Amino acid sequence: MFGNYLIGLREGLEASLVVCILVAYLVKTERRDALRPVWLGIGIACAISLAFGAMLEFGTQELTFEAQELLGGTLSIISVGLVTWMVFWMKRTARHLKAELHGKLDSALAMGTGALVATAFLAVGREGLETALFVWASVRASGEGSSAPLAGVLLGIATAILLGWLFYRGALKINLAKFFKWTGAMLVVVAAGVLAYGIHDLQEARFLGGLGDKAFDISATIPPDSWYGTLLKGVFNFQPDPTVIQLSVWALYLVPVLALFLYDSARPAAAKPQPAQAEEATQTG
């Protein structure tokens, strides 16, 4: 459940920050008349994201088992690729996100209502579609038949909305660069588990071989239905009997990606941020 809570929190906070920055800028520049098209664009983005998630959940139920596993495995791998790109992009962009969105909003204001709707839609829609895909893949990997993973995601999103509101009200300040660095590192670990599960799906679909070739089996030591087995499954997507291919892909993804992410995160720390950048890293409006 924690892994899914982290996904909801991390992805939801990104979208919340975008909304806060857009709304706060319009309020501060006394362009409240532009709030309606911005909220319209945000609403459309949320609706499409929910529809996409529903399509993933219900649109696959009529498929054969092998087709479901093939689709699930493929989408899990795609979602891991998107999330990996997102954590690197957000870590580098966090300090400049405010200025970047302000520039886009200025251009949209000059172009009219349609441009405002499109700007808000694109700013939030990308986050929403990524979230829907990765949440679907992670919930599928974390606990089929259980409501705990979905509850974790919803709780994370609710926390993100609350934090976004506190940011907007000026009641909370945080170093966004550090926040996205550490949550990004944890999300890489979660993504590694989703990737391994996706590989297992492809093996069950008979797209990949080696389903019976187990790397190890410690099910007797860590039963999947025990409280600690459930905890490990919920946090890390841990599987007590992974195949050799699963374990290999998990390690080949996790070790280099996490090392590169942490190394890349440490590089900017050597240089002191400019005052304006430091301010943007700690507040949104």
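Up top is the structure.
First, a word on scope: everything that follows refers to the structure included in this document. Not measured: the values here are computed from a predicted model.

Examining the packing of aromatic side chains
For step 1, the next point in the chain: All told, the structure shown has one aromatic pair when counted by the stated rule.
For step 2, the next point in the chain: Ring geometry for Phe88 versus Phe261: centroids 5.4 Å apart, planes at 85°, classification edge-to-face. Pair noted here: Phe88 is in helix H3 (residues 65–93) and Phe261 is in helix H9 (residues 244–266), with a separation of 173 residues, a long-range link.

Structural notes on the side chain of Ser49
For step 1, the next point in the chain: You can see Ser49 is positioned in helix H2 (residues 35–58).
For step 2, the next point in the chain: Residue Ser49 is classed as buried on the basis of its relative accessible area, which comes to 10%.
For step 3, the next point in the chain: With residues near it in sequence (within four places) discarded, Ser49 still touches Gly125, Gly128, Leu129 and Ala132.

Some thoughts on a nonpolar patch on the surface
For step 1, the next point in the chain: On the surface, Leu40, Ile44, Ile48 and Leu129 cluster together into a nonpolar patch covering about 310 Å² of accessible area.
For step 2, the next point in the chain: Overall, the relative accessible area of 35% leaves Ile44 in the partly exposed class.

Brief notes about H2
For step 1, the next point in the chain: Taking 1.5 Å as the rise per residue, H2 with 24 residues should run 34 Å; its terminal C-alpha atoms sit 34 Å apart, in good agreement.
For step 2, the next point in the chain: When we look at burial in H2, the residues that qualify are Leu35, Pro37, Val38, Gly41, Ile42, Ala45, Ser49 and Leu56.

Section: unusual backbone geometry
For step 1, the next point in the chain: The phi dihedral of Glu30 falls on the positive side, at around 55°, and the residue is not glycine.
For step 2, the next point in the chain: With respect to the element layout, Glu30 can be found in the loop between helix H1 (2–28) and H2.
For step 3, the next point in the chain: Judged by relative accessible area, Glu30 falls into the exposed class, the value being 70%.
For step 4, the next point in the chain: You will see that Arg206, though not glycine, has its phi angle at about 65°, which is positive.
For step 5, the next point in the chain: Note on placement: Arg206 falls in the loop between helix H7 (176–204) and helix H8 (227–236).
For step 6, the next point in the chain: Residue class for Arg206 comes out exposed when judged on its relative accessible area of 71%.

Overview of the pattern of salt bridges
Close approach of charged atoms allows side chains of opposite charge to pair.
For step 1, the next point in the chain: If you walk through the whole model with that rule in mind, you get three salt bridges.
For step 2, the next point in the chain: Residue Arg206 pairs with Glu66 through a salt bridge whose shortest N-O separation is 3.5 Å. Of this pair, Arg206 sits in the loop between H7 and H8 while Glu66 sits in helix H3, and the two are 140 residues apart along the sequence.
For step 3, the next point in the chain: Where Lys214 meets Asp241, a salt bridge forms, and the shortest distance between an N and an O atom there is 3.9 Å.

Let's talk about the nonpolar core
For step 1, the next point in the chain: Grouped together as the largest cluster of nonpolar side chains are 28 residues, with contacts concentrated most on Val80, Val87, Phe134, Leu187 and Tyr253.
For step 2, the next point in the chain: Mapped onto this core, the elements with two or more residues apiece are H1, H3, helix H5 (113–142), H7 and H9.
For step 3, the next point in the chain: Residue contacts for Val87: discarding those within four places in its chain leaves Arg10, Gly184, Leu187, Val188 and Phe261.
For step 4, the next point in the chain: If you look at the next biggest cluster of nonpolar residues, it comprises 22 residues, including Val27, Leu35, Ile42 and Val124.

Calculation criteria
- Residues numbered from 1 in each chain as written.
- Predicted model: local features only at pLDDT ≥ 70, side-chain atom pairs only at ≥ 80, totals over all residues.
- Heavy atoms only, no water.
- Phe/Tyr/Trp six-rings, centres within 6.5 Å; stacked < 30°, edge-to-face > 60°.
- Helix = DSSP H or I, 4+ residues; strand = E, 2+ residues; numbered from the N terminus.
- Buried < 20%, exposed > 50% of the residue type's maximum accessible area, 1.4 Å probe, protein only.
- Contact = heavy atoms within 4.5 Å.
- Patch = residues over 30% accessible without salt bridge, like charges linked within 9 Å, V, L, I, M, F, W, Y side chains within 5 Å.
- Areas by Shrake-Rupley, 256 points an atom, 1.4 Å probe, with all protein chains shown as cover.
- Salt bridge = Lys/Arg side-chain N within 4 Å of Asp/Glu carboxyl O.
- Expected span 1.5 Å × (residues − 1).
- Core = buried A, V, L, I, M, F, W, Y, C linked by side-chain atoms within 4.5 Å.

Such coordinate-based values are descriptive only and should not be taken to indicate function.
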